[in-house]
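Descriptive structure summary
The chain contents come next:
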Amino acid sequence: TNDSKSTSKNKVVAVVGGGLVGALNACYFAKRGFQVEVFESREDIREAKIVKGRSINLALSHRGRQALKQVGMEDTIVSKGIPMHSRMIHSLNGTQSPIPYGKKGQYILSVDRANLNKELLSAAETYSTTKLNFAHKLLNWSTETGAMTFLRADGAKEEIQADLIVGCDGAFSAIRKQFLRQSRFNFSQTYIPHGYLELTMPPINGEFAMKPNYLHIWPRNTFMMIALPNLDKTFTCTLFMPFDEFENVTTGDQVIEFFQKYFPDTIPLIGADALKRDYFRLPAQAMVSVKCSPYHLSDKCVLMGDAAHAVVPFYGQGMNAGFEDCLVFNEIMDQLNEDFSAVLPEYTRVRVPDDHAIADLAMYNYVEMRSHVNSKWFLFRKYVDNTLHMIMPRTVIPLYTMVTFTRIRYHEAVKRWHWQDKVRKGELILTRGTQRFSSCNQKRRCSSLSDKEMLIWWLAMMICRG
Ligand SMILES: Cc1cc2nc3c(=O)[nH]c(=O)nc-3n(C[C@H](O)[C@H](O)[C@H](O)COP(=O)(O)OP(=O)(O)OC[C@H]3O[C@@H](n4cnc5c(N)ncnc54)[C@H](O)[C@@H]3O)c2cc1C
Ligand SMILES: Cc1cnn(-c2ccc(OCc3ccccc3)c(C(=O)O)c2)c1-c1ccc(Cl)c(F)c1
């Protein structure tokens, strides 16, 4: 109704954090007619040189694209992304095996992080009601009055009030610090023993060194490496390795020895000298998983993005989940007529189970990949997934497909995955042949599936193992 529009017109929303989620959120609130003030501790990255120490490119998938689409940014971002239609699994002997992600339209996009952030900041700035305040670092805020204290580049402190505070200040959120003092606020933080570092794979004779439209993966159990393509025809390779191992590799020769053993095909592509140089450019970065609830504090403050749920990057969903946070919050704003006292608790009720689910899924993927995913196992698992999905498209949807190519709520995808696994377990009983009736009497069937369906499962397994 008009009066709700007029009230949002003079309501101030403070977005703390001008990273990927904060910048997108600014677009969402500005589009609704709010006065938006973004406070970002760093200088304006559109003027600064490359930001070091962050992942250089990211995989954008369906959830993130839908969130960008809502504020008219999807085409701008997708046009500067590189589609990855399949994984390319690199075996130790240098064999490369492509496995498609799905049907024709199902691809993920490699996008440049800094460019994405710049585009979103500039998009936010196109709204007359948005102001971007750089070099403003939140020091503290009062949960009683909502007053925020910022430290400015000139060392002065500035106190700011707002009608709503949106904490988008990342995994080590200063906004969240005040939540920790509240009764019944749940918080957990886990650093995993792996670190990551990024290496650049340059073009060869002006062309990509590897096929560009693939997510290149070198699964080596404890060690994994991935490579995502960039518009300048380089690849950004991310090496994941336990910190203990990083500590063992301290000289250039040891780097070459390590790559010779685990990623031999990449040495000529990255270049031995570049490898020795880039490997020591920055220390390996840590990866943390943060879960918390509730995401809101009365009608005053709400956490989104990594500030609410930092996830380990083994599903390529952190940013996609944070972008989807903005979309879900916006949907609830529509449903509850922008009444913050109703919207915020509803956002917590709806979103916490989903963000906790993706945090758990990412951690599960990490544990699964580091424990027994080498290239053979990776290929086998994906062949099984794709074959069963082909045979029974409505009954079996691979978990990766539900997470990456649909907006099935993350926690629903997990529930469905467990159900499918139970059915798969049922199938295993069948394929154990004679054992089939040892564990249950002749009359009663061991699983709910019909013999015909069991036979299909069994055939599928045989095909995959073939
Ligand atoms: C190695 C790696 C690979 C990844 N790959 C992918 C991928 O392929 N796909 C994907 O979807 N996600 C990926 N992610 C996750 C993704 O990077 C994060 O989920 C995403 O950056 C979260 O965005 P955010 O805006 O919530 O937080 P951030 O990007 O951390 O932004 C927070 C912002 O707040 C600012 N800030 C912090 N403290 C304050 C303060 N006190 N006052 C003011 N401002 C402050 C920071 O300067 C920053 O600009 C990856 C992450 C890593 C580490
Ligand atoms: C950046 C990004 C975007 N998506 N994924 C991703 C993640 C996991 C996947 O499968 C898990 C699995 C394969 C085989 C058996 C169990 C689980 C697949 C897949 O199915 O291709 C793709 C990543 C990624 C991020 C880090 C590492 Cl280390 C990595 F390898 C990939």
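Quick summary incoming for the structure in this document. Since we're looking at a predicted model, the values are computed, not measured.

Conventions and cut-offs
Within each chain, residue numbers correspond to sequence positions counted from 1 in written order. Starting at A for chains and at 1 for ligands, labels are handed out in the order in which the entities are written. This being a predicted model, a pLDDT of at least 70 is required before a residue's local features are given, and a value of 80 or more before pairs of side-chain atoms are given or counted; all residues contribute to the totals for chains, interfaces and linings. Calculation of side-chain values draws on the structure's entire complement of heavy atoms; hydrogens and water are dropped beforehand. As used in this record, nonpolar core signifies buried Ala, Val, Leu, Ile, Met, Phe, Trp, Tyr and Cys residues forming a set joined through side-chain atoms within 4.5 Å. Any residue under 20% of the maximum accessible area for its type is buried, any over 50% is exposed, and the rest in between are partly exposed; the area is computed with a 1.4 Å probe on protein chains only. In DSSP terms, a helix is any run of H or I states spanning at least four residues, a strand is any run of E spanning at least two, and both are numbered starting from the N terminus. Should any heavy atoms of two residues lie within 4.5 Å, those residues are counted as being in contact. When the centres of two rings from Phe, Tyr and Trp lie within 6.5 Å, Trp using its six-membered ring, the rings pair. Their planes under 30 degrees apart give stacked, over 60 give edge-to-face, and anything left gives tilted. The rule for a charge over a ring is simple: NZ of Lys or CZ of Arg within 6 Å of the ring centre, and within 35 degrees of the ring normal. Salt bridge, as used here: a side-chain nitrogen of Lys or Arg that lies within 4 Å of a carboxyl oxygen of Asp or Glu. Consider each residue's heavy atoms; a residue with any of them within 4 Å of a molecule or strand counts as near. Polar contacts here mean pairs of N or O atoms no more than 3.5 Å apart (in protein, one a potential hydrogen donor and the other a potential acceptor; neighbouring residues in sequence count only if both atoms are side-chain atoms). The Shrake-Rupley method, run with a 1.4 Å probe, gives the accessible areas here. Residue values count only the displayed protein chains as cover. In this description, a line fitted to the C-alpha atoms serves as the axis of each element, helices being fitted only across the stretch in contact, and the angle between N-to-C directions of two axes falls anywhere from 0 to 180 degrees. Should an angle fall under 35 degrees it is called roughly parallel, over 145 degrees roughly antiparallel, and 65 to 115 degrees roughly perpendicular, with every other angle called oblique. Rotating anticlockwise by less than a right angle from the far helix to the near helix defines a left-handed crossing, while the corresponding clockwise rotation defines a right-handed one. Under the convention adopted here, Pro, Cys and the residues Ala, Val, Leu, Ile, Met, Phe, Trp and Tyr are nonpolar, Asp, Glu, Lys and Arg are charged, and Gly plus all remaining residues are polar. Whether two strands pair depends on DSSP finding at least two bridges between them. Points on a 1 Å grid over protein atoms alone make up a cavity when a 1.4 Å probe fits among them but cannot get out, and a pocket when they form an open set with protein on both sides within 12 Å along at least five of seven lines; lining residues each have an atom within 4 Å of a point. Grid points are joined across faces, edges and corners, and a volume is the space filled by probe spheres set on the points. Only four residue types enter the tally: Lys and Arg on the positive side, Asp and Glu on the negative side; His and the chain ends are excluded.

1. A short note on the nonpolar core
Across soluble globular proteins, nonpolar side chains have a tendency to be buried as a group. Met148, Phe323 and Phe329 are the most contacted members of the largest nonpolar core, which totals 72 residues. Here this core gets nine residues from one element, more than from any other, and that element is helix H2 (residues 20-31). With sequence-adjacent residues up to four places away left out, Phe329 is seen in contact with Phe29, Leu164, Val302, Met304, Val343, Leu344 and Tyr347. Judged by nonpolar contacts, the second largest core, of 40 residues, contains Ile89, Met287, Tyr366 and Ile397.

2. Description of the packing of aromatic side chains
For the structure on display, the rule yields 28 aromatic pairs. Pairing Trp377 with Phe380 gives two aromatic rings, centres 5.6 Å apart and planes at 40°, and the pair type is tilted. Of the two residues, Trp377 and Phe380 are both situated in helix H13 (residues 375-391); the distance of three residues between them amounts to about one turn of the helix. Taken together, the ring pairs in this structure connect Phe29, Phe34, Tyr295, Phe329, Phe340 and Tyr347 into an aromatic cluster. Just above the ring of Phe378 sits the side chain of Lys382; from NZ or CZ to the centre is 5.5 Å.

3. Some points on unusual backbone geometry
The linkage connecting Ser293 with the following residue, Pro294, adopts the cis geometry, with an omega of -5°. Mapped onto the elements, Pro294 comes out in the loop between strand S17 (285-293) and strand S18 (296-297). Look at Ala135: it is not a glycine, yet its phi comes out positive at around 50°. Ala135 gets classed as buried once you look at its relative accessible area, which sits at 12%. One non-glycine residue, Lys233, lies in the positive phi region at around 70°. Within the secondary structure, Lys233 sits in the loop between strand S15 (223-229) and strand S16 (235-242). Take Lys233: its relative accessible area is 29%, and that puts it in the partly exposed class.

4. With respect to the pattern of salt bridges
This structure, assessed with the given rule, holds 23 salt bridges. Between Arg46 and Asp44 there is a salt bridge, with the nearest N and O atoms lying 2.9 Å from each other. Looking at Asp44, the relative accessible area reads 8%, which means it is buried. The residue Arg351 makes a salt bridge to Glu324 at a minimum N-O spacing of 3.0 Å. Of this pair, Arg351 sits in helix H12 (residues 340-372) while Glu324 is found in helix H11 (residues 318-335), placing the two residues 27 residues apart along the sequence. The exposure class of Glu324 is buried, given its relative accessible area of 2%.

5. Topic: the site of ligand 2
As a structural note, the neighbourhood of ligand 2 is formed by 20 residues, with Arg87, Tyr101, Met369, Lys382 and Tyr400 the closest of them. Tyr101 places a polar side-chain atom, nitrogen or oxygen, 3.0 Å from an oxygen atom of ligand 2. Tyr400 has a polar side-chain atom sitting 2.7 Å from a nitrogen atom of ligand 2. Burial of ligand 2 by the surrounding chains reaches 97%, relative to a free accessible area of 650 Å². Where the shell around ligand 2 is concerned, the elements lending two or more residues are strand S14 (214-220), S15, H12 and H13.

6. Observations concerning the packing of H11 against H12
At their nearest, the axes of H11 and H12 sit 9 Å apart, and the two run at 150° to each other. Here H11 is positioned roughly antiparallel relative to H12, judged by the angle of their axes. In terms of crossing hand, the pair formed by H11 and H12 is right-handed. In contact with Ala321, Glu324, Asp325, Val328, Phe329, Ile332 and Met333 of H11, H12 contributes Phe340, Val343, Leu344, Glu346, Tyr347, Val350, Arg351, Asp355 and Ile358. Class assignment for the residues of the contact of H11 with H12 results in eleven nonpolar, no polar and five charged.

7. Quick notes on the pairing of strand S12 (residues 164-167)
A two-sided burial pattern is seen for S12, the buried positions comprising Leu164 and Val166 on one face and Ile165 and Gly167 on the other. With four bridges joining them, strand S1 (residues 12-16) and S12 adopt parallel strand pairing. The partner of Val13 across the bridge, within S12, is Leu164. Where S12 lies against strand S19 (residues 301-303), three bridges are found, and the strand directions are parallel. Across the sheet, Val166 pairs through a bridge with Val302, a residue of S19.

8. Notes on empty space enclosed by the protein
Here the structure, examined in full by the defined rule, presents two cavities of 30 Å³ or more. The space that makes up the second largest cavity amounts to roughly 40 Å³. Residue lining of the second largest cavity: Asn25, Tyr28, Phe29, Arg32, Cys326, Phe329 and Asn330, and that is the complete set. Partitioned by chemical class, the residues of the lining of the second largest cavity number four nonpolar, two polar and one charged.

9. Points about the sheet that holds strand S4 (residues 82-84)
Here three strands make up an open sheet; going across it, the order is S3-S7-S4 and the pairing antiparallel. With one partner strand each, in any of the chains shown, strand S3 (57-60) and S4 form the two edges of the open sheet. Recorded for the sheet is a direction-independent mean angle of 35° between the axes of neighbouring strands.

10. Looking at the site of ligand 1
Taken together, 30 residues sit near ligand 1, with Glu40, Arg42, Ala59, Arg113 and Asp306 positioned nearest. Taking Ser41, its main chain carries an N or O atom lying 3.2 Å from a nitrogen atom of ligand 1. At 2.5 Å, a side-chain N or O of Arg113 approaches an oxygen atom of ligand 1. Protein contact buries 88% of the 990 Å² of open area that ligand 1 shows by itself. Only H2, S3, strand S9 (136-141) and H11 provide two or more residues apiece to the shell around ligand 1.

11. Here's the deal with the side chain of Arg87
Tracing the sequence through the fold places Arg87 in strand S5 (residues 86-90). We note that Arg87 is buried and unpaired, the nearest opposite charge coming from Asp385 at a distance of 5.9 Å. A distance of 2.9 Å separates a polar atom in the side chain of Arg87 from the backbone oxygen of Pro100. Discounting chain neighbours no more than four positions away, the residues touching Arg87 are Ser97, Pro98, Ile99, Pro100, Tyr101, Tyr214, Leu215, Ile217, Phe378, Lys382, Asn386 and Tyr400.

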